[in-house]
Amino acid sequence: MTEQKIAVKQFNERDKDQIISLPYYNILLLEGAGEVSVDYNHSVLLTYTLLFATPYQEILIKGGNTFIITQLTFHGDFYCIEYHKEEVACNGLLFNNIYLKPFLSIPENQYRALKNDVECIDQLLKEHDPYAEPIIKAYLQLILAKASRLKIKDLDKGIQLQRQRHPIEKFQ
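With respect to the environment of leucine 104
Phase 1: Mapped onto the secondary structure, leucine 104 falls in strand S9 (residues 103-105).
Phase 2: Between the C-alpha atoms of leucine 104 and leucine 94, which are 10 residues apart in sequence, the distance is 9.1 Å.
Phase 3: Ignoring any residue separated from it by four or fewer positions in sequence, one finds leucine 104 in contact with Tyr48, Thr49, Leu50, Ala147, Leu150, Lys151 and Asp154.

As for the sheet that holds strand S6 (residues 48-53)
Backbone-to-backbone hydrogen bonds join strands into a sheet, with any given pair of strands oriented parallel or antiparallel.
Phase 1: Read across the open sheet, the five strands follow the order S1-S8-S3-S6-S9; overall the sheet is antiparallel. Two strands lie at the open edges of the sheet, namely strand S1 (6-10) and S9, each paired on one side alone. Between one strand axis and the next, the sheet turns by 15° as a mean value, whatever way the strands run.
Phase 2: Relative to strand S8 (residues 68-74), strand S3 (residues 25-31) runs antiparallel, the two sharing seven bridges.

Considering the confidence of the model for the protein chain
Phase 1: The share of residues in the protein chain with pLDDT of 70 or more is 81%, and the mean pLDDT across the chain is 83.
Phase 2: In the model, residues 160-166 has pLDDT below 50 throughout and makes four contacts with residues more than four positions away in sequence or in other chains.

A few points about the layout of surface pockets
Regions of empty space are outlined by a rolling probe, equal in size to a water molecule, passed over the atoms.
Phase 1: Of the volumes computed, that of the largest pocket is approximately 300 Å³.
Phase 2: Contributing to the lining of the largest pocket are 18 residues, with Gln57, Asn97, Ile98, Leu100 and Pro102 lying nearest its centre.
Phase 3: Listed by contribution, the elements that provide at least two residues to the lining of the largest pocket are strand S5 (41-45) and S6.
Phase 4: Looking at the lining of the largest pocket, its residues break down into 10 nonpolar, six polar and two charged.
Phase 5: Approximately 180 Å³ is the volume found for the second largest pocket.
Phase 6: Ala7, Val8, Lys9, Phe11, Asp15, Gln18, Ile19, Ile20, Ser21, Leu22, Gln71 and Thr73 are the residues that line the second largest pocket.
Phase 7: At the level of secondary structure, the elements contributing two or more residues to the lining of the second largest pocket comprise S1, strand S2 (19-20) and S8.
Phase 8: For the lining of the second largest pocket, the element with the highest residue contribution is S1, accounting for three residues.

Here is what the cut-offs are and how they apply
Residues numbered from 1 in each chain as written. Predicted model: local features only at pLDDT ≥ 70, side-chain atom pairs only at ≥ 80, totals over all residues. Heavy atoms only, no water. Helix = DSSP H or I, 4+ residues; strand = E, 2+ residues; numbered from the N terminus. Contact = heavy atoms within 4.5 Å. Pairing = 2+ DSSP bridges. Axes fitted to C-alpha atoms, helices over the stretch in contact; angles between N-to-C directions. pLDDT = per-residue confidence, 0-100. 1 Å grid on protein atoms, 1.4 Å probe; cavity = no way out; pocket = protein on both sides within 12 Å on 5 of 7 lines; lining within 4 Å. Points joined across faces, edges and corners; volume = space filled by probe spheres on them. Nonpolar A, V, L, I, M, F, W, Y, C, P; charged D, E, K, R; others polar.

Encoded structure:
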């Protein structure tokens, strides 16, 4: 039952150049460089990137890139981001915000830590243990909380950069 509500998948070359649109929340861990389109908005991504997509949002991973891709999908019935907004603060930050970019470039050490958490979920799913579901939810909550924290830091950094370059402040 858990396998239908949450899954981990490793992409390969034949998964590229196909639109991904699933009834699940998606977290893609992208290692390398390449081109991605989310709802037909094209972006070039470098190094270590997290990409977040809501159910039925269209993602296209272009072929001919160097990405190593791990996909974590989960159904809203398995983990409701609105219900858990106090714990992870990801609704409107990672998901469901048309004004923010759906991806986040992060340092390698943070990427490795998040990828390790995803691999722990994958291992638990492979064990088919009915008592593992609370542990899997805890790992998912940890991933979302870490990603939210990184996104907030990234947004704060962007605000500071904009603030430093504001023309009216230079005029004074």
